[in-house]
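Chains, contacts and geometry: an overview
Residues per chain, in single letters:
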Amino acid sequence: MSGWETVNEPLKSQPGSSSRRTVSRTVTLGRVQPQAPALRTIFCNDREANFAHRYKGNSISTTKYNIFTFLPKGLYEQFRRVANLYFLMVSILSATPYSPVHPVTNMVPLSLVLLFSLIKEAFEDWQRFQNDNAINNTLVDVLQAQGWKTLQWRKLQVGDIIRVKQDGFFPADILLLASTNADGVCYIETANLDGETNLKIRKALEKTWDYLTPEKACEFKGEVQCEQPNNSLYTFTGNLVINNQTLPLSPNQILLRVFSECLSSIVSNVVKGCSLKNTDFIVGAVIFTGHETKVMMNSMNVPSKRSTLERRLDKLILALFSTLFSMCLLGAMGSGIFIDRKYFYLGLRQNVEDQFNPSKRFLVIILTMLTLLTLYSTIIPISLYVSIETIKFIQSSQFINKDLNMYHAETNTPASARTSNLNEELGQVEYIFSDKTGTLTRNLMEFFKCSIGGEIYGTGMTEIEKGVTERKGIKVQEVQTSNDSVREKGFNFYDGRLLRGAWRNEPNHDACKEFFRCLAICHTVLPEGDESPAKIKYQAASPDEAALVLAAKNFGFFFYRRTPSMIYVRESHVERMGKTQDTSYEILNVLEFNSTRKRQSVVCRYPDGRLVLYCKGADTVIYERLGSGNDALNKATRDHLEQFGSAGLRTLCLAYRDLAPDLYESWNEKFIKAKSSLRDREKKLDEVAELIEKELILIGATAIEDKLQEGVPSCIQTLSRAGIKFWVLTGDKMETAINIAYACNLLNNEMKQFIISSETDAIREVEERGDQTEIAHFIKEDVRKQLKQSLDEASQYFCARSGPKLGLVIDGKCLTYALDSSLRIMLLTLGLNCASVVCCRVSPLQKAQVTSLVKKGAHKITLSIGDGANDVSMIQAAHIGIGISGLEGMQAVMASDFAIAQFRFLEDLLLVHGRWSYIRLCKVVMYFFYKNLAFTLTQFWFTFNTGFSGQRFYDDWFQSLYNVIFTALPVIIVGLFDKDISPPLSKKYPELYKEGIRNKFFKWRVVAVWAFFSIYQSLVFFYFISAFSSTSRDRSGKMFGLWDVSTMAFTCVVVTINLRLLMMCNSITRWHCISVGGSILVWFMFIFLYSGITTPLDRNENMYWVIYILMSTPSFYVTLLLVPVAALLVDFLYLCVQRWFFPYDYQIIQEMHKDDIHCTGPSGVVGSKQQLIADEERSNEISQLPREVSKHSGFAFDSPGYESFFASQSGKYVPPNAWDVARRASMRHKATPK
Amino acid sequence: MSSNTPSSSAGGVGSADSAAPRRNSKRPKYSKFTQQELPACKPILTPRWVISAFMLVSIVFIPIGVVSLFASRDVVEIVDRYETACVPANFRNDKVSFIQNETTNKICTRSLTVPKRMKQPIYVYYQLDNFYQNHRRYVKSRSDSQLKDNSSWDDVSSCKPEDDANGMPIVPCGLIAWSLFNDTYNFSLNNQQLAVNKRGISWKSDRDSKFGSDVFPRNFQNGTLIGGKRLDPNVSLSEQEDLIVWMRTAALPTFRKLYGKIERDLQPNEVIQVTLENNYNTYSFNGKKRLVLSTTSWLGGKNDFLGIAYLTVGGLCFFLALSFTVVYLVKPRRLGDPSYLSWNRNPGGH
């Protein structure tokens, strides 16, 4: 036995794992070692040896409960809710003699509510269990008895040798032993872990390469000594002992298990990724299993968020509690005063219990308080929370998740509400914080247009251009992309003049040739895979670069191989049409891109010895370095650049320079010297580069479309009409960010823009000096100055109604200081008054800081939307987090509250689902408030007529079933189906959303109105019915007793309260009618039964035959008609007056469209479009007058990931940093701001 | 961009349709429920609706009100308050001692004039004021099982403090039975005895199901204090209709209870002599006592409330319908006028 003791010590910091804490287990002979080394030893391929260590199995469980813990744990969860606890208290209280009601009164609703909640919990847990099961039963090949045997994941054990095939998922954390690829390399996709879409390389140790076949693998007897399970995804320390040789292991040999959330979707075939790629199969040894895998230990406990409405609801409940308290106090005081021996029939002479003892009046008050507390407990709507939860659950699981308008067919992703807590919060969002890459844009760079030799090529139209022309009223014709045009991902270009060699016929074909060569040669892209145009894959540090090389390929300059010194290009049509030749260019120097230089150059030698420097870069830097002459071309190209820029395209200028050999040689010496210098190498290299990158000749410019997600600009415009303000938080550079902001309509030239940038000369000067404290101090002062100046300027527009909209652009470095407590207020004031804010070069942490600044500082509802791991903090910081699902990683989705496939679905999510949820829930809450108050107040009025004794007015069962049976269902139906206007209309009039932002339907004013109705109605109920009871009610002359009167009153209450619901509905489906009618019917059926039977159970005989007596009198019917009408008259009048004189916006729109045919399905959506009324049309036109074409050009070049890419290619391990953007943001760059 | 928006969403659905048949598609299935397209009627309170609703209510309510009022007016009711008049003048300052004194003469004579012809049956009620029959301590002080069934005659747990007397359970127990009203009325017309029928004054369901025919009063009013009427121990509870009526507790502190029926017509201006025995103590709590003779209509006793309420609601609705019509004619709001929209009224305002 090995000398290692094993202690499985889960990390205490992992809340999720605490329930599965493994018992510390030491395998020693009779002696417990206090401190065992934190190492585990794994015997590969030896189950017996590992058995002693009792490693955890590979099955996972994410369920909250099991059969035994379900009841206690579930109940505990339920009683953490104040309302439930209160009702438990009241139930206990009602078992005491002080209670006027039978315990059943409070017990029944409580237990029904609890039962319902528990069933729901159980159902959800059952689903989790099923998911776990599906995962645990996935199959994998395991080495057993010299062959691969297919086993379920859960049967996997530590030390097993397994085989994972291409596109397969790793069932546990495994050590890579061998791969079918040469050099023991395998490729994995880790999109689910870090959101990075590029493939990662893992390489097995050379010693283990051979263990590929089962026969060989059987012989493998290694011993892995490694760290204990932990949650660090990017580290691994351990050794492999094989044949008495100790080999160090690195993370490069470890393949991680996938997230289980991800897995569940894999099981249902949603997510591709998280898997082995480009490798037939690999063989590996299992080292961590099940809950001990790094990913499982890392699985986050997403903090559950409560919606703002619910928090306001708490206040309402609190108000109800205080009402309850004062009612009780009032009643109790009354009883203290009332109680007197003079009422001889009460038998108060001797042996009087404390509650009625006239000589202990103070005690009477106290005890009557308790009595009344149980009597009036119905004022607290116990079923409210359960109803709201049910409504929200159905809303999210049936409406949001199944909305066809939010289903994205391309990625096969429906929307998914990961929590049902926040539905109505979606209806009140005022600030949206959006990530750029992958959210607004597709992170898909496509070569779109180019300008060569003063001529524009490319026929496409960007979204922005489409938007502009559409606003001008010109119908956009879909450009027919003819079927023979070349189209692939990254190349969205069509122009017959250039493709398939046609460029030879262009007047400037020489420029074209240079242009294409520049594209094919001047880059740092690596080709991968088969050397054929169809199959090759380009590995580029930035998608821009890949798009350019791809473009060259499509133009007939196919770059297919790279060696350290050569680039091989298969050129077509160069000599003559149709001829293909392979040409190799010797790469002499690469002057790399960095953000200071904003350009990249390559010096290459043609096969014929020609020496050329190709350069591509930002227009500003290239134009500075152009040689004289060619002004016409330069000017034309500059115009084109502006044109591209205003269309939202990212531009690059291409230039070249022929070098004389001697000039080059002398320069190269300097270059080599600089390259080998040890100090300030970067700076020296830059300086040397300056020497040769001059007198360039401009070839042309490329325009790459950083493709916006579909429908983003229009979505943003709609949402901003809805009063939502956008903050774009991106790690990108300022220019790129501004570009996209323009593209998305977030910024335009009509706006008053404030730019706060750290890219000023003054700051740069200070930075040169390098004194950190001085830099910090200076920048802070500068930021303060800039902020103050902007604020002063902006404040004149704050109050002006028709002033220009404001926009703010700020970069990450300034933000660091602006978020300082002294400047925060200024930033907030400025930011809140801007229609859109763009923060560039921000780190993930800053994203979260900005989000919580607005969340806490402005007390407005915030929403964050993002797709990558760098957005997680922001998503969790905001009120609502939305993850873009379907394309990139799962981390953002897993941290989010809602996941949608496309940014544009926000429109549906907010304007339709959010708005409806909000309106519906407000109605539900108000209705609950109203119905319970009205009901309880009748009791209260009765109390005054009973000598404040706390006698109940209603029978126990009436009171207990009132909330859970007689009035429960209709309100849920309203919460589900109430529909003020149709979805197309709510998207057509996004301004309606402002009602939610201003919280129009959940104000104290609204509460007061409802309270007024409750009071009025309860008075009608009580006093009308009292008047009714004063004389006999039919020919027989007999009088009614208490229970007849109360049954009469209760019938009126049930009918009225249910009818009131119909009055507040905007649309009445047959479910409304069924539920309302059903509730009333159920009441009658109940009372027919209840008063018709006598049971031996402990119940009062009072109710016997009551309803039949009542129904035998004609006045019953006369009263039943009178009371509801009289009670609802005032409500109806209020509704009429409100609608007539103070209509809500949605009511006007209802009226405008009341004659619309309510078509179902998408045809109705289109149909309503044509029905613009003339007035409207005019106002729409005014609001959408074409805007001035923006005067800025785009600039694309941002590829700082280059180094890490090459490093990983050469086998060095560079941590796959999820926070790459952070690094970019912190990188120093010196660009002149525009 | 409103023109753009619907088409884009429509496009999304359209493209989804084409992809639908794919296997493993996560495309949600279409249903009217999940797409929230359930057929619904959308009532809008347009002026026409408002006015017609109010009109409808007034048209329905005013006639009912008139009919009810007439029904109520048909009823002839004679009310005589006697609690003070029936106390001899020398006891007026200390009515309680008068009533509690066993020896005083409680007989009192009243004469009632019939205002209008009263058709039989004429119901005789007593009405008490300020008597909290609905007090919690009072209401629960009874034993339903004991009243119903002889076998549980000793089930008096809920009857405190009138559960037993001299160590024996009381039947019927409890405060309600103990405080049974015990004034008696004898009517005579022209020196002729008017028979008062005391049968059938209680609800049949009470007689049949709540009060057992094999349950007889035991040990009743044998305590130190006498609360009210004594019961004949040889008559079963189901036949003690006064008790049954009394034990159907009233809802409010002012209540009437049926005493009996006079089964003959009374002509106008006839004078009825009432010889009443003023036994019941309402003096200690200043309760009033009234004797009521009343006929009934199809709607019950004399109670204008229903009629007046109907007329008021109907009239109010008529008035509202009129005023809304006037408003509609004088200063109409054009339905669905976009200029009313808040963002059109003050563009850019918050």
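All residue numbers here refer to positions counted from 1 along the written sequence of the relevant chain. Here every chain gets a letter starting at A, and every ligand a number starting at 1, in the order they are written. Selection of residues for local features in this predicted model requires a pLDDT of at least 70, selection of side-chain atom pairs for listing and counting requires 80 or more, and totals for whole chains, interfaces and linings are taken over all residues. Only hydrogens and water are set aside; all other atoms, that is, all heavy atoms of the structure, feed into the side-chain values.

Some words on the overall build of chain A
The condition that has to hold: Every helix listed is a DSSP run of H or I at least four residues long, and every strand listed is a run of E at least two residues long, numbered separately from the N terminus. Each residue is assigned to one of three classes by its accessible area relative to the maximum for its type, calculated with a 1.4 Å probe on protein chains only: buried under 20%, partly exposed between the two thresholds, exposed over 50%. Contacts between residues were defined by any pair of non-hydrogen atoms, one from each residue, lying within 4.5 Å. With residues, only the protein chains shown are counted as cover, and all accessible areas are computed by Shrake-Rupley using a 1.4 Å probe.
Looking only at helices and strands, chain A features 42 helices and 34 strands. The buried share among the 1234 residues of chain A stands at 61%. Within chain A, counting contacts between residues at least 6 apart in sequence, those at least 24 apart form 75% of the total. For chain A, the accessible area works out to roughly 47500 Å², and carbon and sulfur atoms hold 56% of it.

Looking at the overall build of chain B
Per the secondary structure count, chain B includes 10 helices and 12 strands. Overall, chain B is about 100 × 60 × 40 Å in size when its C-alpha atoms are taken along their principal axes. Counting every position in chain B, which comprises 350 residues, the buried fraction comes to 52%. Taking as baseline every contact in chain B between residues at least 6 positions apart, the subset at least 24 positions apart corresponds to 79%. About 15700 Å² of surface is accessible on chain B, with carbon and sulfur atoms providing 54% of the total.

A closer look at the pattern of salt bridges
This is how the line gets drawn: By definition, a salt bridge exists where a carboxyl oxygen of Asp or Glu is found within 4 Å of a side-chain nitrogen of Lys or Arg.
With the rule as written, the count across this model stands at 56 salt bridges over all chains. A salt bridge links Asp206(B) to Lys210(B); its shortest N-O distance comes to 3.4 Å. Of the two residues, Asp206(B) and Lys210(B) are both situated in helix H7 (residues 204–210); the distance of four residues between them amounts to about one turn of the helix. One salt bridge in this structure joins Lys229(B) and Asp242(B), with 2.8 Å as the shortest N-O distance. One end of the pair, Lys229(B), is in the loop between H7 and helix H8 (241–247); the other, Asp242(B), is in helix H8, with 13 residues separating them in the sequence. Shared partners join several salt bridges into a network, and the residues in it are Arg599(A), Glu624(A), Arg625(A), Glu690(A) and Glu693(A).

Side note on the interface of chain A and chain B
To be explicit about the condition: Values labelled buried area give the accessible surface lost by two parts on being combined, using a 1.4 Å probe and summing over both.
With 133 residues of chain A at the contact, the number on the chain B side is 119 residues. Both sides together, the interface formed by chain A and chain B hides about 11400 Å², and carbon and sulfur atoms give 63% of it. In terms of surface lost to chain B, no three residues of chain A exceed Tyr345(A), Leu404(A) and Trp1140(A), which account for 8% of the buried area on that side. Salt-bridge contacts for Arg248(B) lead to Asp1044(A); the nearest nitrogen and oxygen are separated by 2.6 Å.

A short note on the state of the cysteines
Note: disulfide means a covalent bond formed between the sulfur atoms of two cysteine side chains. Residue and element names in this part refer to chain B. Short version of the rule: Note on terminology: disulfide denotes any pair of cysteine sulfur atoms within 2.5 Å.
All told, the structure shown has two disulfides over all chains when counted by the stated rule. What pairs with Cys86 in a disulfide is Cys108, and their sulfur atoms sit 2.0 Å apart. Note on the Cys86 and Cys108 pair: the S-S dihedral is about -65 degrees, so by sign convention the disulfide is left-handed. With a gap of 22 residues between them, Cys86 in the loop between strand E2 (77–81) and helix H3 (95–100) and Cys108 in strand E3 (residues 107–113) connect regions that are remote in the sequence. The residue that forms a disulfide with Cys159 is Cys173, at a sulfur-sulfur distance of 1.9 Å. Residue Cys159 is found in the loop between helix H5 (144–148) and strand E5 (164–165), and its partner Cys173 is found in the loop between strand E6 (168–169) and helix H6 (175–178); the two are separated by 14 residues along the sequence. Residues Cys159 and Cys173 agree in their burial class; the two are buried. With cysteine numbering restricted to those in disulfides and following the sequence, chain B has the pairing 1-2, 3-4.

Details of the packing of helix H28 (residues 905–944) of chain A against helix H34 (residues 1042–1063) of chain A
All names here are of chain A. Rule in force here: Here the axes come from fitting lines to C-alpha atoms, over the contacting stretch only for helices, and the angles between their N-to-C directions go from 0 to 180 degrees. Our angle categories are set so that under 35 degrees counts as roughly parallel, over 145 as roughly antiparallel, 65 to 115 as roughly perpendicular, and the remainder as oblique. Crossing chirality is assigned from the near helix's rotation relative to the far helix, an anticlockwise turn below a right angle marking it left-handed and a clockwise turn marking it right-handed.
Where H28 contacts H34, the axes come no closer than 11 Å and their chain directions differ by 160 degrees. Between H28 and H34, the crossing angle belongs to the class labelled roughly antiparallel. You can see that H28 and H34 cross each other, and the crossing is right-handed. Contacts from Tyr927, Tyr930, Lys931, Ala934, Phe935 and Phe942 of H28 reach H34 at Leu1042, Phe1050, Val1053, Thr1056, Ile1057, Asn1058, Arg1060 and Leu1061.

Notes on the pairing of strand E1 (residues 39–43) of chain A
Residue and element names in this part refer to chain A. Put simply, the test is: Pairing between strands requires that DSSP locate at least two bridges from one strand to the other.
Of all five residues that make up E1, four are buried, and the element is covered over most of its length. By the bridge criterion, five bridges tie E1 to strand E8 (residues 223–227) in an arrangement that is antiparallel. Bridge assignment links Phe43 to a residue of E8, and that residue is Glu223.

A word on the sheet that holds E1(A)
Residue and element names in this part refer to chain A. Across the sheet, four strands lie side by side as E1-E8-E9-E10; this open sheet has antiparallel pairing. Both outer strands of the open sheet, E1 and strand E10 (245–249), are each paired with one neighbouring strand and no more. Neighbour to neighbour, the strand axes of the sheet diverge by 20 degrees on average, direction disregarded. Note that E8 and strand E9 (residues 238–242) share four bridges and pair antiparallel. Along E9, the bridge assignment pairs Glu223 with Val241.

Here's the deal with the sheet that holds strand E30 (residues 836–840) of chain A
Residues and elements named next belong to chain A. The strand order across the open sheet formed by nine strands is E14-E33-E32-E31-E15-E27-E30-E29-E28, and the pairing between neighbours is mixed. The sheet is open, and its two borders are formed by strand E14 (416–417) and strand E28 (752–756), each paired with just one other strand. In the sheet, strand E32 (residues 880–884) pairs with strand E33 (residues 898–900) via three bridges, with the strands oriented parallel. In the sheet register, Ile884 faces E33, and the bridge partner there is Ile900. Lying over the sheet, helix H24 (residues 821–832) contacts strand E15 (429–434), strand E27 (725–729), E28, strand E29 (806–811) and E30, oriented at roughly 140 degrees with respect to E29. Strand contacts of helix H25 (residues 844–858): E15, E27 and strand E31 (861–866), with the helix running at about 160 degrees to E27, the strand carrying the most contacts.

A few points about the packing of helix H9 (residues 308–338) of chain A against H28(A)
All names here are of chain A. This is how it is decided: Side-chain classes are defined by residue name, with Ala, Val, Leu, Ile, Met, Phe, Trp, Tyr, Cys and Pro counting as nonpolar, Asp, Glu, Lys and Arg as charged, and the others, Gly among them, as polar.
For the pair H9 and H28, interaxial distance at closest approach is 12 Å and the crossing angle is 5 degrees. When the axis of H9 is compared with that of H28, the two are roughly parallel. Within the contact between the two elements, H9 uses Leu309, Leu313, Leu316, Leu320, Met327 and Leu330 and H28 uses Tyr918, Leu921, Cys922, Val925, Phe929, Leu933, Thr936, Leu937, Phe940 and Phe944. Among the residues making up the contact of H9 with H28, the classes are represented as 15 nonpolar, one polar and no charged.

Digging into the environment of Ala818(A)
Looking at the element boundaries, Ala818(A) is found in helix H23 (residues 812–818). A sequence separation of 35 residues divides Ala818(A) from Val783(A), and the C-alpha atoms of the two residues are 6.7 Å apart.

Some words on the environment of Asn101(B)
Tracing the backbone shows Asn101(B) in the loop between H3 and E3. Residues Asn101(B) and Glu83(B), spaced 18 residues apart in sequence, show a C-alpha to C-alpha distance of 16 Å.

A few points about helix H13 (residues 509–521) of chain A
Rules: One less than the residue count of a helix, multiplied by 1.5 Å, gives the span that helix is expected to have.
With 13 residues, H13(A) should cover 18 Å at 1.5 Å per step; its first-to-last C-alpha distance of 18 Å lies within 8% of that length. Listed as buried for H13(A) are Cys512(A), Glu514(A), Phe515(A), Phe516(A), Arg517(A), Cys518(A), Leu519(A), Ala520(A) and Ile521(A).

Observations regarding the nonpolar core
As a reminder of what qualifies: In plain words, nonpolar cores are sets of buried Ala, Val, Leu, Ile, Met, Phe, Trp, Tyr and Cys residues tied together by side-chain atoms within 4.5 Å.
Within the largest apolar cluster, 149 residues are counted, with the highest numbers of intra-cluster contacts made by Leu313(A), Phe958(A), Phe1002(A), Phe1050(A), Trp1083(A), Ile1149(A) and Phe54(B). If one sorts the elements of this core by residue count, H28(A) sits on top with 18 residues. With residues up to four places along the chain from it excluded, the contact list for Phe1002(A) reads Leu309(A), Arg312(A), Leu313(A), Leu316(A), Tyr918(A), Cys922(A), Val925(A) and Met926(A). Among the nonpolar cores identified, the runner-up in size contains 64 residues, and Tyr343(A), Leu112(B), Val171(B) and Phe211(B) belong to it.

What about the side chain of Thr282(B)?
Within the fold, Thr282(B) resides in the loop between strand E11 (271–277) and strand E12 (289–294). The contacts of Thr282(B), once residues within four sequence positions are left out, are Leu128(B), Gly287(B) and Lys289(B).

Description of the packing of aromatic side chains
Each aromatic ring pair is described using two quantities: the centre-to-centre distance and the angle formed by the ring planes. Residues and elements named next belong to chain A. Condition: Ring pairs shown here join Phe, Tyr and Trp side chains whose ring centres sit within 6.5 Å, with only the six-membered ring taken for Trp; geometry is labelled stacked below 30 degrees between planes, edge-to-face above 60, and tilted in between.
Throughout the structure, instances matching the rule amount to 105 aromatic pairs over all chains. Ring centres of Phe515 and Phe516 lie 5.9 Å apart, and the angle between their planes is 80 degrees; this geometry places the pair in the edge-to-face category. For Phe515, a relative accessible area of 0% puts it in the buried group. Among the residues examined, Phe516 registers a relative accessible area of 0% and is labelled buried. With a centroid separation of 4.9 Å and 90 degrees between ring planes, the pair formed by Phe958 and Trp1083 is classed as edge-to-face. Of this pair, Phe958 sits in helix H29 (residues 956–966) while Trp1083 sits in helix H35 (residues 1070–1092), placing them 125 residues apart in sequence. Given the relative accessible area of 0%, Phe958 is considered buried.

Describing the pairing of E9(A)
Residues and elements named next belong to chain A. With four of five residues buried, E9 lies mostly within the body of the structure. When E9 meets E10, the two strands line up antiparallel, connected through five bridges. Bridge pairing in E10 places Asn239 opposite Pro248. Connecting the antiparallel pair E9 and E10 is a turn made up of two residues, with Asn243 showing a positive phi of about 50 degrees.

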